[in-house]
Amino acid sequence: MKRFLVFCTICIVTACLGLLTFRFLTLEETLTVNQTTFEINIGDEVPLEIKREHVKPNTTIKYESSDPEIVDYDKTLDKFVSNGKGGKATLRIESSVRTIAPISIFVTVGDGSEQCPYFIKSAEDLAKIGKVDENGACNRKLSDCYTLISDLDLSTYNEGVWIPLGSETDQFTGIFNGKGHTISNMKVTDEDLSCAGLFASIGRNSTATDNVYSLNLTNATVDGQYKYAGALAGKIDGKARNIIVSSSTIYSSLDQGIFSNQSYVGQLCGQLTGQVERISILMGSSTSDYGFAGGIVGSIESAYSINAQIDRSYAEGVNVSGVGYLGGVAGLNKGAIIVDCYTSAKDNGGRITNAPTKSVKSYLGGLVGYVDFYGEKTAVIVDGYATCSVEPKNDSANGYIDSVSGQLVGCLTYAKTIGADNVIASKNDLLGLYYAQNSGLNGLGVIKSGSNEMVPSTDEISVELTKFVKNTLDTEAKGTSLTSIFSHDNGKTGSDYDSWNWAIGDVWTLTETYPVLNMNGPYFDVSVLTSSTVTSNVIDSFEKLAKLRNDVNNGTCDYSKPYIIKADIQIEETNWTSIGTE
């Protein structure tokens, strides 16, 4: 009986082992990966996870790369790794089992070039830019190219304190493509800095391309005794476009004994000597205890070789305050170009206010606090409006210096004085600007010639002011609200705004209240604008183009003014006659 039981047990075990072996041999082999597209940098492993199931002893798996110099398979690590060269490679995993389809994986390796930028996927990656490692090497140069591939929250990095990339003299001159991603909760509090922001300073690159673009910054805080302070950078000498800054607090408590006495504070940057366009500022505050503060930039200043400019940008609901030069767009425009910009109030934001002092006069403007020229370069402000609230704080009765305020511009400087015939000779130019009289102020605070500041009265400038402040409500329709000018209730269409020379449709879009900017419209080159070109001939229809052709060919063309095409034009003649002859 015992032998029989042993025999039965052996039979049962053998049968079970046979069944298990049969099932294993008949199970279908599988080969899967976690994903098929990767973006990594030189020196990184490909985070590829390969799952092999039911692989038979005689099954072989082959690992191949289309370019082993970029990515290759490391047998020891059992992983694909980058090999020191940037570019794109296709990895192929193939089983000897015919029923298993080969798997292709596509890998892009960043090397910092414009064709293969480094990929930024974490705050740690971002912080490496411009930093020197323990061996004294900088593997992520400030001149390299970068692409942000995910949103970043900086509140959890480095105990929530951000160190700006680069310095005032060691500028970021590379390319940073934000890909529409958001960097949130940046906080700069280090006092031992002259430039504060995500970048310390942004300089020009050799290819003259945009340095930083398609980036959102939200809930940024810059707070300290900084010479230059902004969410994106303290200073911008290069180019930036399509930047959104929202709900950010930028503040410099710099006293008059540090860094040459004055601070530059703006939501985008403190000082702009380069070019920016399509900048959106939403809520927030810019405060300079002493210096320049603006809703977009603290100051915009040209140099002899470069025209600084802000194009197609706005600030909504931004409070600007402090002592010095304060404006909804910029505290100071010194020989620079501001075109197609507006400022507005929103949700208790959008106020321009000063702190009275007994030693410093402040200049407040809904667009710009103080407009000045730089050498032979004129300051230009073209096509825009201000509906923010300019609220000067004056207390001369107690010995404080009264501020100078205007709903558009606080002070506009000139090279010549108002003569006996009340003619104003323009050195700086404003054109096509509008404002809402919600502050009880005129469009201009004062006109300055030499050391004299003159309050422009309607009698003095009723004719001449229209040469450089066209269609402002204080001279042409005093008491009329901006809403009535822009409202659709009047049955107005784009053609009714020809007198503005605004690019309705391409740049501006009409709404039931105020026009808004079309941030996705075509690009225009505004770098040619000067005091002589703000009154240029705008060509935005076939009729105007045909008139130009006829004037040129008939010898009656006015060559003293440039002609700027500001819209797509459909040629309506079957046989178009060329403009000019050989």
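Not measured: the values here are computed from a predicted model.

Chemist: Could you give me a rundown of the overall build of the protein chain, with the residues and numbers involved?
Modeler: Across its full length, the protein chain carries 6 helices and 42 strands. In the protein chain, which comprises 582 residues, the proportion classed as buried is 49%. Restricting the contact set of the protein chain to residue pairs at least 6 apart, pairs at least 24 apart contribute 77%. With an accessible surface of roughly 26300 Å², the protein chain has 50% of that area assigned to carbon and sulfur atoms.

Chemist: Pulling in residues and values, what's your account of the pattern of salt bridges?
Modeler: For the structure shown, the criterion picks out 16 salt bridges. Across the salt bridge formed by Lys62 and Glu64, the nearest N and O atoms sit 4.0 Å from each other. Asp67 is paired through a salt bridge with Lys85; the nearest N and O atoms lie 3.8 Å apart. With a gap of 18 residues between them, Asp67 in the loop between strand S4 (61-65) and strand S5 (71-74) and Lys85 in the loop between strand S6 (79-82) and strand S7 (87-95) connect regions that are remote in the sequence. Taken together, the shared-partner salt bridges in this structure form one network comprising Asp67, Glu69 and Lys85.

Chemist: How would you sum up the confidence of the model for the protein chain? Please name residues and give values.
Modeler: In the predicted model, the protein chain carries a mean pLDDT of 80, and 77% of its residues have values of at least 70. Here residues 22-26 scores under 50 on pLDDT; set against residues more than four positions off or in separate chains, the count is 5 contacts. Throughout residues 531-536 the model reports pLDDT below 50, and contacts reaching past four residues in sequence, or to other chains, amount to 15 contacts.

Chemist: Please give an account of the sheet that holds strand S2 (residues 37-41) that cites residues and values.
Modeler: Taken together, the 4 strands give an open sheet; going across it, the order is S2-S8-S7-S4, and neighbouring strands pair in mixed fashion. For this open sheet the edge positions go to S2 and S4, each flanked by a neighbour on one side alone. Each neighbouring strand pair of the sheet contributes to a mean axis angle of 20°, computed without reference to strand direction. Pairing geometry for S2 and strand S8 (residues 103-110), over 5 bridges, is parallel. Bridge pairing in S8 links Glu39 to Thr108.

Chemist: Residues and numbers for the packing of aromatic side chains, please.
Modeler: The relative placement of two aromatic rings is captured by the distance of their centres and the angle of their planes. Tallying each qualifying case throughout the model produces 19 aromatic pairs. Measuring from ring centre to ring centre gives 4.9 Å for Tyr342 and Tyr385, while their planes differ by 10°; the resulting arrangement is stacked. Of this pair, Tyr342 sits in strand S28 (residues 337-344) while Tyr385 sits in strand S32 (residues 380-386), and the two are 43 residues apart along the sequence. Comparing Tyr342 with Tyr385, the two get one shared label, buried. What links up through ring pairs into an aromatic cluster is the set Tyr228, Tyr264, Phe292, Tyr325, Tyr363 and Tyr370. In this arrangement the basic side chain of Arg241 is found over the ring face of Tyr213, its NZ or CZ atom lying 4.5 Å from the centre.

Chemist: Before we move on, could you go through the nonpolar core and cite the residues and values that matter?
Modeler: Here is a general trend for soluble globular proteins: nonpolar side chains tend to be buried in one another's company. One finds Leu126, Phe176, Leu198, Phe199, Leu215 and Leu232 to be the most contacted residues of the largest nonpolar core, which totals 79 residues. Of the residues forming this core, the biggest block, 5 residues, is contributed by strand S26 (residues 309-327). Apart from the residues within four sequence positions on either side, Phe176 is in contact with Ile120, Leu126, Ile129, Tyr146, Leu148, Phe199, Asn211, Val212, Tyr213 and Leu215. Membership of the second largest hydrophobic core comes to 18 residues, among which are Phe38, Val71, Ile100 and Ile105.

Chemist: Could you give me a rundown of the side chain of Glu316, with the residues and numbers involved?
Modeler: Considering the arrangement of structural elements, one finds Glu316 in strand S26. The buried category is assigned to Glu316, whose relative accessible area is 16%. Setting aside residues no more than four positions away along its own chain, Glu316 makes contact with Ile281, Leu282, Met283, Tyr342, Ser344 and Lys346.

Chemist: So, unusual backbone geometry: which residues are in play, and what are the values?
Modeler: Working note: non-glycine residues mostly have negative phi, and peptide bonds are mostly trans. If you check the backbone angles, Asp78 has positive phi at about 55° while not being a glycine. With respect to the helices and strands, Asp78 occurs in the loop between S5 and S6. Owing to a relative accessible area of 37%, Asp78 belongs among the partly exposed residues under this scheme.

Chemist: How would you explain helix H6 (residues 542-554) if you had to name every residue and give the values?
Modeler: The end-to-end C-alpha distance of H6, which contains 13 residues, comes to 18 Å, matching closely the 18 Å that a straight helix rising 1.5 Å per residue would cover. Buried within H6 we find Phe542, Leu545, Ala546, Leu548, Arg549, Asp551 and Val552. Phi for Gly555, located one or two positions after H6, is positive at around 80°.

Chemist: Got a sec to walk through the pairing of strand S29 (residues 351-354)? Specific residues and values, please.
Modeler: On a regular strand, each side chain points to the face opposite its neighbour's, so the side chains alternate between the two faces of the sheet. Here S26 runs beside S29; their pairing, made up of 3 bridges, is parallel. Its bridge partner lying in S29, Gly322 is registered against Asn354.

Chemist: Requested: an account of a negative patch on the surface, with residues and values cited.
Modeler: On the surface, Asp190, Glu191, Asp192 and Asp223 cluster together into a negatively charged patch. Looking at the secondary structure, you find Asp223 in strand S18 (residues 221-224). Relative accessible area serves as the criterion here: at 36%, Asp223 is assigned to the partly exposed category.

Chemist: Please set out the side chain of Ser246 residue by residue, giving values where relevant.
Modeler: When you line up the elements, Ser246 lands in strand S21 (residues 239-252). Of the polar contacts made by the side chain of Ser246, one reaches the side chain of Thr218; its length is 3.0 Å. Beyond its immediate chain neighbours, meaning those up to four positions away, Ser246 contacts Leu217, Thr218, Asn219 and Leu282.

Chemist: Could you give an account of the environment of Leu282, with specific residues and numbers?
Modeler: With respect to the helices and strands, Leu282 occurs in strand S24 (residues 275-294). Of the residues examined, Leu282 reaches a relative accessible area of 26% and is grouped as partly exposed. Leu282 sits 64 residues away from Thr218 along the chain, and the two C-alpha atoms are 9.2 Å apart. Excluding residues within four positions of it along the chain, Leu282 makes contact with Ile244, Val245, Ser246, Ser247, Tyr314 and Glu316.

Chemist: Talk me through the pairing of S7; I want residue IDs and the actual numbers.
Modeler: The two faces of S7 differ: Gly87, Ala89, Leu91, Ile93 and Ser95 on one face are buried, but Lys88, Thr90, Arg92 and Glu94 on the other face are not. Sheet topology places S4 next to S7; 5 bridges connect them, and they run antiparallel. Looking at the pairing, Lys62 lines up with Glu94 of S7.

How each quantity is defined
- Residues numbered from 1 in each chain as written.
- Predicted model: local features only at pLDDT ≥ 70, side-chain atom pairs only at ≥ 80, totals over all residues.
- Heavy atoms only, no water.
- Helix = DSSP H or I, 4+ residues; strand = E, 2+ residues; numbered from the N terminus.
- Buried < 20%, exposed > 50% of the residue type's maximum accessible area, 1.4 Å probe, protein only.
- Contact = heavy atoms within 4.5 Å.
- Areas by Shrake-Rupley, 256 points an atom, 1.4 Å probe, with all protein chains shown as cover.
- Salt bridge = Lys/Arg side-chain N within 4 Å of Asp/Glu carboxyl O.
- pLDDT = per-residue confidence, 0-100.
- Pairing = 2+ DSSP bridges.
- Axes fitted to C-alpha atoms, helices over the stretch in contact; angles between N-to-C directions.
- Phe/Tyr/Trp six-rings, centres within 6.5 Å; stacked < 30°, edge-to-face > 60°.
- Lys NZ or Arg CZ within 6 Å of the ring centre and 35° of its normal.
- Core = buried A, V, L, I, M, F, W, Y, C linked by side-chain atoms within 4.5 Å.
- Expected span 1.5 Å × (residues − 1).
- Patch = residues over 30% accessible without salt bridge, like charges linked within 9 Å, V, L, I, M, F, W, Y side chains within 5 Å.
- Lys, Arg positive; Asp, Glu negative; His and termini not counted.
- Charge placed at Lys NZ, Arg CZ, Asp CG, Glu CD.
- Polar contact = N/O pair within 3.5 Å; in protein donor to acceptor, adjacent residues only side chain to side chain.

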